[in-house]
Amino acid sequence: MTGPPAREVKVEVVGLTKKFGDLLVLNDVNFSVAKGEFLAIVGPTGCGKTTFLNLLSKLIPASEGQILIDGSEADPKTHNLAFVFQEPSSLPWLTVSQNVEFGMLIKGVPPGERERRLRSILDIVGLADCANLFPNQISASMEQRVAVSRAFATNPDLLLMDEPYGQLDVKLRFYLEDELLKLWRELGATVIFVTHNIEEAIYVAERILVLTNKPTSVKAEIHVDLPRPRSFIDEAFIDIRRQVTDLIRWW
Amino acid sequence: MNAALEHPTTVQGLQRHKSPAAILRRLLKNRYVLYLVSISGLLLIWHFSAVNFATSKYMPTPWMVLKELWRIAHENLAGKDLLGHLWSSLHRVLIGFAIGSAVGVPLGLFMALNRYINNLVKPVFDLIKPMPPISWISLAILWFGIGEESKVFIIAIGAFVPALINSYNGIRLVDPALYDAIRMLGANRWQTMMEVTFPAGFPALFAGLQISLSVAWSCVLAAELVSARSGMGFLIILGMTMSNPSMILSGMVVIAVTAYLITVVLSKVEKWVCPWKVELPQ
Ligand SMILES: Nc1ncnc2c1ncn2[C@@H]1O[C@H](COP(=O)(O)OP(=O)(O)O)[C@@H](O)[C@H]1O
Ligand SMILES: [Mg+2]
């Protein structure tokens, strides 16, 4: 199992329920995330993964239940969180570097520090060459990297990622997953990573939550206690993959 | 090896060059060739119908119109030459457009941002919107006289409507995902408005101003046709009272060219104020 048992709790989800009219999407969801943990959430399409992240970042209100961050009601104005959306969300009128800087600007990071982080992060994700292009001048995968960089640059202590690499080709995906792990270790942030790609989840996460179909609750949790860098052909890796695949056969 | 492979294609290319069908095909691929064909076709048809038909008394040839253009450009017509009249019209347009958009844009923004203002203004606006601006002319003359004010009033009404509609829609139709993106960063209302709402709505707002300006240009002509002592509309009426169709057509040509130039200038301005709308070849 991961680390020492008494890790501090970062996020606590208590009896979370969400209805859209008569449609019950999340049904009494309970779990918690430790400080600095890398948690992956896998679930079938339409089960409410995006809805959950939207609740967590207060973009929409919950029907019942609570989400606590550091013991208080989740709120982007007080908690330092960042969100990488499933859809590209860069601002079309800002250049790549302005987009990456935008999050820091809103969070009030001082100019010198902004400049420093901006340069280092553009280098890391390989966007330095197109820093002055606008979003409609770059490819979809680059745009997604912009969104990731914008989130990372704010030094969030809670990073929410909603199938961030779903649109990207496999090679770039591996590359960005490694970048993500690097940043995670450097920043010590808590990461909640939503995906429907099982291998991706096992590759990056310390723990995986498997969700049921709608109405959704937590079906199982699986600890991934493998050394890094992980390998897809490693026996233990394949073992865990079989375990998860068994859990989701009924999707 | 490479050269040997390339050689035959070059020769073939040269041969294709020589055949008349190939030359034609090449010419047709160049759109400017067709533009030229189109314009000269119009001029030819115009010329022959002007020469051959019974109405030719009132249908001057293109050449006559060109000569007339030269004449009115240098001659005093009721106190002004051609450029003087053009400036009279443009001057009215600029004032009316400035007033119309100075009222329309902020009102549209406030309506989009505040539902009480929206509900208060919308019913009245919906009544005004479908009225052709020129239908105000008689009232405008009674209220303001036949001087500048009545014309400026018509133009301002004409410019006001698209300015309001487009700034309203520009704000209302901002992609909600952009709001999500800034809200999860913890932005307050003011930041959201300044960093997302306005920049995102700006292109639509600007498009509205472009429409306003072209509406203003047709309004000034309509107003001048009804009553004026200067301006392009007045020149056309002058041509009619003097039974000089060349003068009427010259006026129409100048009006069209001016409208075209306004569009060109505005699309240049748009590239300058919204550089992010311009796509680079990948
Ligand atoms: N704003 C909304 N109004 C009504 N239904 C919604 C809304 N947002 C999501 N849903 C529904 O909630 C369910 C979960 O959606 P979502 O969270 O996007 O799923 P996932 O991200 O897991 O694919 C879907 O059935 C979807 O149709
Ligand atoms: Mg989703």
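Definitions and cut-offs
Residues numbered from 1 in each chain as written. Chains lettered and ligands numbered in written order. Predicted model: local features only at pLDDT ≥ 70, side-chain atom pairs only at ≥ 80, totals over all residues. Heavy atoms only, no water. Buried < 20%, exposed > 50% of the residue type's maximum accessible area, 1.4 Å probe, protein only. Helix = DSSP H or I, 4+ residues; strand = E, 2+ residues; numbered from the N terminus. Pairing = 2+ DSSP bridges. Contact = heavy atoms within 4.5 Å. Buried area = accessible area lost by both parts, 1.4 Å probe. Salt bridge = Lys/Arg side-chain N within 4 Å of Asp/Glu carboxyl O. Polar contact = N/O pair within 3.5 Å; in protein donor to acceptor, adjacent residues only side chain to side chain. Nonpolar A, V, L, I, M, F, W, Y, C, P; charged D, E, K, R; others polar. pLDDT = per-residue confidence, 0-100. Phe/Tyr/Trp six-rings, centres within 6.5 Å; stacked < 30°, edge-to-face > 60°. Lys NZ or Arg CZ within 6 Å of the ring centre and 35° of its normal.

Asks: Describe the pairing of strand 9 (residues 207–211) of chain A, naming the residues involved and giving the relevant values.
Replies: Residues and elements named next belong to chain A. Counting buried residues in strand 9 gives five out of five residues, a clear majority hidden from the surface. Neither face of strand 9 is open: one carries Arg207, Leu209 and Leu211, the other Ile208 and Val210, and all of them are buried. Across four bridges, strand 3 (residues 38–42) lies against strand 9 in parallel orientation. Each bridged residue has a counterpart across the sheet, and for Ile41 the counterpart in strand 9 is Leu209. Pairing of strand 9 with strand 10 (residues 218–223) involves five bridges; the strand directions are antiparallel. Across the sheet, residue Arg207 finds its bridge partner in strand 10, namely His223. The turn linking strand 9 back onto strand 10 is made up of six residues.

Asks: Explain the interface of chain A and chain B to me, and be specific about the residues and the numbers.
Replies: The parts lose accessible area when they come together, and the size of an interface is often stated as this lost area. Listed as interface residues are 24 residues of chain A and, on the opposing side, 22 residues of chain B. Roughly 2100 Å² of surface becomes buried between chain A and chain B when both sides are summed, with 71% attributable to carbon and sulfur atoms. Joining chain A to chain B, the criterion identifies zero salt bridges. Put simply, chain A and chain B have one residue pair in polar contact (both at pLDDT 80 or more) between them. Elements supplying a minimum of two residues to the side of chain A that touches chain B: strand 6 (81–84) and helix 2 (96–106) of chain A. When grouped by side-chain class, the residues that make up the side of chain A that touches chain B number 14 nonpolar, seven polar and three charged.

Asks: Describe the confidence of the model for chain A, naming the residues involved and giving the relevant values.
Replies: The share of residues in chain A with pLDDT of 70 or more is 97%, and the mean pLDDT across the chain is 89. At the level of individual helices and strands, chain A shows its lowest average pLDDT in helix 5 (residues 170–187) of chain A, which scores 83, and its highest in strand 3 of chain A, which scores 95.

Asks: Describe the packing of aromatic side chains, listing the residues and the values that go with them.
Replies: Applying the stated criterion across every chain, the model contains 17 aromatic pairs over all chains. Ring geometry for Tyr165 of chain A against Phe193 of chain A: centres 6.1 Å apart, planes inclined by 55 degrees, an arrangement best described as tilted. Of this pair, Tyr165 of chain A sits in the loop between strand 7 (158–162) and helix 5 while Phe193 of chain A sits in strand 8 (residues 190–195), and the two are 28 residues apart along the sequence. No difference in accessibility class separates Tyr165 of chain A from Phe193 of chain A, as the two residues are buried. A connected cluster of aromatic rings, assembled from ring pairs, spans Phe38, Tyr165, Trp184 and Phe193 of chain A. Of note, Arg115 of chain B hangs over the ring of Tyr116 of chain B, and the distance from its end group to the ring centre comes to 5.4 Å.

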